[in-house]
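One letter stands for each residue in the lines below.
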Number of protein chains: 2
Amino acid sequence: MKPTVEIVLSPLLLPLTNLKGKTVVIIDILRATSTICAALDNGANSITPVISVEEALSYQSGPYLVAGERNGEKAEGFDFGNSPLEYSPEVITGKDVVLTTTNGTKCIHAAKDAEEILIGSFFNLSTVVQHLVSSNQSVVLFCAGWKDQVNLEDTLYAGYIAKALSDSHEWESDPVEIALDLVENAEDDPTEYLTRASHAKRFNRLGNNIDLGVCMQFDAHPVLVKYQNNTLVSA
Amino acid sequence: MKPTVEIVLSPLLLPLTNLKGKTVVIIDILRATSTICAALDNGANSITPVISVEEALSYQSGPYLVAGERNGEKAEGFDFGNSPLEYSPEVITGKDVVLTTTNGTKCIHAAKDAEEILIGSFFNLSTVVQHLVSSNQSVVLFCAGWKDQVNLEDTLYAGYIAKALSDSHEWESDPVEIALDLVENAEDDPTEYLTRASHAKRFNRLGNNIDLGVCMQFDAHPVLVKYQNNTLVSA
C-alpha cells in the first residue's frame, strides 16, 4: 500500500485529520511560508514562529530580529514585515528571527503531533516534493487560509504538491480532488489565476502589487525547511 | 450595491459566516436534500428533519413515516432509507415524514439564525435560482459535506448556484471562486465528474450504482422547499 495524501483546507478542519506518524507541510503562500523560505535561503540562521505580537516583542531585548504582520501590514515596533523582499542576504545573513503572522505561524504550533513538520511555498515546491517522494511517508498538506477561511492560493499550492505525488502516494479525498481542479485551471498562468484570490485584492487595497508575483516564483528558493526544537531551520 | 453570495464549505466553517437577514440554501446532494425535493415533489405533505435516530423513532407511534440513514445505509427500524427512488408518488402522497441523515438534517438546525432556509439539490436547481434572483437577498450556500469534511458534490452544486447568480449578486470570496472552478471542470459531464467523489466510491462499496445518476437529474423535481415551523414544505 502506498502512503497517503490528505489536505486540511482550513485550521478549523484540522480536528478531522490524524497527524500522528505523518509529514505535515504548512502552507501560507501569502506570505508567511514564502517569507520563511526566502529568509532561510538568503542566509538567516533560524526563524522562531510565535503566536502573538506580544510574545514576539518580548524577544526584542535579545539578539533576535522581530518580524511579522497583522491583517497584512507590518506590526508596530517590528524590525520587518512579512514580505519576502525585505529579507535580502545583506540584512538577514546569520540572523535569528522571531516571526508572528495572522495565519501561518499558529498552524505550525497546531501541527505539533506530526512526525515531521515542513514549510511549503512555491519558492521550494520541487525541494518539498523531492523530500516527500524519497521519505515515502503519508503526507498532510495543511493550508493556513485567511482567518480560518479556506483560501485559493494555499489550496492551489496543495494541489500542485498532490499532483506531483500522484505516482508515489494515493488518496481517496475530496479536498485533494478539489485542489487538483484548481491546478488544472491555473496551470497556464498561476499568477494571473490568483488575481481572483481575496488576498490579491487585499494586497491591491494596501497598495502592494508586487508580492503576489514574487511569491509565485517557482523554485526560486530551493531550501528544505524543517521545524525542530521550536525553531525553523534549513535542513 | 448588489446582494452577496457566500459558501460555507463544511459545518465546521459555519461560525465564520453571519446568517442574519440572509437566505440559506442547505446542500446535501448525496442524498438528503435530493431526497427531500423528490419526496415533496412526489406529493409528501411535509418532512420534519430531526438530528438523532432516537428522536426519529419516537415519532413512530404517530401518523408519521420515519426515514433516514446512518453512514449511507437505512437505519434499523425505519420505514424508508435515504434514496430518492424510495419516495415514489404511490407511497408518499399526502404523508408526513420524519427524516434523519448523517450530514444534511443537522445543518438545517444549525442554520436557524437565517431569514429564510431553502433546500437545494440538482432536482430543483433552476427553481432555487429563480427564487434567489427574484428575492434579491444575500445568499449563503451551506454545504453539508461528509462528517464535517468538505466534499466534491456539495461544493460543485454551490458553484452552479453561484454561477447562475453572477449577474444579480456579487462576492469577494475564495470558497466561491473554488466552487466555480469545479463547475468549469464538471460542466461537460457532471455525473462522470462526480465519480471521483469519495461518496460515489462509498456508494460503489455499498453496491449502490444508481443513486449518483439519479441525484444528478437537473430540474427533475422543480419544487421550492422552505423550512417553516420546524418542518420542510413545498412553498
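Small disclaimer: the values here were computed from a predicted structure and weren't measured. (Residues numbered from 1 in each chain as written. Chains lettered and ligands numbered in written order. Predicted model: local features only at pLDDT ≥ 70, side-chain atom pairs only at ≥ 80, totals over all residues. Heavy atoms only, no water.)

Trainee: Sorry if this is basic, but what is going on with the packing of aromatic side chains here?
Mentor: Both the distance between ring centres and the angle between the ring planes are used here to describe each pair of aromatic rings. Residue and element names in this part refer to chain A. Applying the stated rule across the entire model yields 12 aromatic pairs over all chains. Measuring from ring centre to ring centre gives 5.1 Å for F122 and Y157, while their planes differ by 85 degrees; the resulting arrangement is edge-to-face. Here F122, found in the loop between strand 7 (116-120) and helix 5 (125-135), pairs with Y157, found in helix 6 (residues 152-164); they are 35 residues apart in sequence, far enough to count as distant. Across the pair, Y157 and F122 agree in class, each one buried. (Phe/Tyr/Trp six-rings, centres within 6.5 Å; stacked < 30°, edge-to-face > 60°. Helix = DSSP H or I, 4+ residues; strand = E, 2+ residues; numbered from the N terminus. Buried < 20%, exposed > 50% of the residue type's maximum accessible area, 1.4 Å probe, protein only.)

Trainee: Just checking my understanding: could you explain helix 6 (residues 152-164) of chain B for this structure?
Mentor: Three- or four-residue spacings in an α-helix give side chains the same orientation, since the helix completes a turn every 3.6 residues. Between its first and last C-alpha, helix 6 of chain B extends 19 Å over 13 residues, near the 18 Å set by a 1.5 Å rise per residue. Counting buried residues in helix 6 of chain B gives 11 out of 13 residues, a clear majority hidden from the surface. (Expected span 1.5 Å × (residues − 1).)

Trainee: I tried to follow the interface of chain B and chain A on my own but got confused; where do I start?
Mentor: Think of interface size as the accessible area that goes away when the parts come together; that is how it is often given. Contact residues are listed per partner, giving 30 residues for chain B and 30 residues for chain A. Across the chain B to chain A interface the summed buried area is about 2600 Å²; carbon plus sulfur atoms make up 49%. Taken as a group, B:E172, B:D174 and B:D181 account for 23% of the area that chain B buries against chain A, more than any other trio of residues on that side. The tally of links from chain B across to chain A stands at 6 salt bridges. Elements supplying a minimum of two residues to the side of chain B that touches chain A: helix 6, helix 7 (174-186) and helix 9 (198-205) of chain B. Partitioned by chemical class, the residues of the side of chain B that touches chain A number 12 nonpolar, 7 polar and 11 charged. (Contact = heavy atoms within 4.5 Å. Buried area = accessible area lost by both parts, 1.4 Å probe. Salt bridge = Lys/Arg side-chain N within 4 Å of Asp/Glu carboxyl O. Nonpolar A, V, L, I, M, F, W, Y, C, P; charged D, E, K, R; others polar.)

Trainee: Hey, could you run me through the packing of helix 5 (residues 125-135) of chain B against helix 6 of chain B in this one?
Mentor: Angle between the axes and distance between the axes: these two values describe a pair of packed helices. All names here are of chain B. Here helix 5 crosses helix 6 at 45 degrees, and the two axes come no closer than 10 Å. The angle between helix 5 and helix 6 falls in the class oblique. Here helix 5 runs over helix 6; the crossing is right-handed. For the pair helix 5 and helix 6, contact is made by L125, V128, V129 and L132 and by Y157, Y160, I161 and A164, respectively. Grouping the amino acids of the contact of helix 5 with helix 6 by side-chain chemistry returns 8 nonpolar, no polar and no charged. (Axes fitted to C-alpha atoms, helices over the stretch in contact; angles between N-to-C directions. Parallel < 35°, antiparallel > 145°, perpendicular 65-115°, else oblique. Left-handed = near helix turned anticlockwise from the far one by under 90°.)

Trainee: Just to check I follow, could you spell out the side chain of B:D174 for this structure?
Mentor: Tracing the backbone shows B:D174 in helix 7. Put simply, B:D174 is tucked away with no salt bridge, and the nearest opposite charge, on A:K201, sits 6.6 Å away. Apart from residues no more than four positions distant in its own chain, B:D174 is found in contact with A:V150, A:N151, A:L152, A:E153, A:R196, A:A197 and A:S198. (Lys, Arg positive; Asp, Glu negative; His and termini not counted.)

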